[in-house]
Amino acid sequence: VQLQASGGGLAQAGGSLRLSCAASGGTFSTYGMGWFRQAPGKAREFVASISGSGGRTLYADSVRGRFTISRDNAKNTVYLQVNNLKPEDTAVYYCSADTDGLYTNFDLEYDYWGQGTLVTVSS
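Here we summarise the structure given alongside this text. (Residues numbered from 1 in each chain as written. Predicted model: local features only at pLDDT ≥ 70, side-chain atom pairs only at ≥ 80, totals over all residues. Heavy atoms only, no water.)

## Considering the overall build of the protein chain
At step 1: Counting its regular elements, the protein chain contains zero helices and eleven strands.
At step 2: Its C-alpha atoms give the protein chain a radius of gyration of 13 Å, near enough to 14 Å, the size a compact globule of 123 residues would have.
At step 3: Projected onto its principal axes, the C-alpha positions of the protein chain cover 40 × 25 × 25 Å.
At step 4: Partitioning the intrachain contacts of the protein chain with sequence separation of at least 6 by distance along the chain shows that 58% fall at a separation of at least 24.
At step 5: Here the protein chain displays about 6000 Å² of accessible surface, and carbon together with sulfur accounts for 46% of that area.
At step 6: Averaging the positions of the 10 positive and the 10 negative side-chain charges in the protein chain gives two centres separated by 7 Å. (Helix = DSSP H or I, 4+ residues; strand = E, 2+ residues; numbered from the N terminus. Rg over C-alpha atoms; globule rule 2.2 N^0.38 Å. Contact = heavy atoms within 4.5 Å. Areas by Shrake-Rupley, 256 points an atom, 1.4 Å probe, with all protein chains shown as cover. Lys, Arg positive; Asp, Glu negative; His and termini not counted. Charge placed at Lys NZ, Arg CZ, Asp CG, Glu CD.)

Next up, the structure:
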């Protein structure tokens, strides 16, 4: 399974971006998918996750109500819509896949990781 994240960039506080993660190989619709982020000098942290069907989602408290995770299984792609961005959202965002179908907030459960896409939010 290969994951390719894209959509990062520079945004102003209050702005929006849409991150995408395209998967190839495997059976995408059976995978739980997650987004994590890592800010400079900080540990990687959970952002959001979604079940294989897309019917269940999980969010970190810090992004709930501002970020929305979704997926299109026909396109083998998972998205993260990030709205009302804050400077503290600045980080490299990584998508991940859990081939067991879990969609937890625990990074070690995930089997595959994308290369990351940088989001920079200016105040």
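Structure shown, so let's carry the discussion forward.
## A few points about the state of the cysteines
At step 1: All chains considered together, the criterion is met by one disulfide.
At step 2: Paired by a disulfide, Cys21 and Cys95 hold their sulfur atoms 2.1 Å apart. The S-S bond linking Cys21 to Cys95 shows a torsion near 60°; that makes this disulfide right-handed. With Cys21 in strand 3 (residues 17–24) and Cys95 in strand 9 (residues 91–98), this pair connects stretches of sequence that are 74 residues apart. In terms of burial, Cys21 and Cys95 fall into one category: buried. (Disulfide = S-S within 2.5 Å. Buried < 20%, exposed > 50% of the residue type's maximum accessible area, 1.4 Å probe, protein only.)

## A short note on the sheet that holds strand 8 (residues 77–82)
Whether parallel or antiparallel, the strands of a sheet pair through hydrogen bonds between backbone atoms.
At step 1: Spatial strand order, 1-3-8-7: four strands in an open sheet with antiparallel pairing. Of all the strands in the sheet, the pair left with one neighbour each is strand 1 (2–6) and strand 7 (67–72). Taken pair by pair, the neighbouring strands of this sheet meet at an average axis angle of 15°, ignoring direction.
At step 2: Note: strand 1 against strand 3, five bridges, orientation antiparallel. By the bridge assignment, Gln2 is partnered in strand 3 with Ser24. (Pairing = 2+ DSSP bridges. Axes fitted to C-alpha atoms, helices over the stretch in contact; angles between N-to-C directions.)

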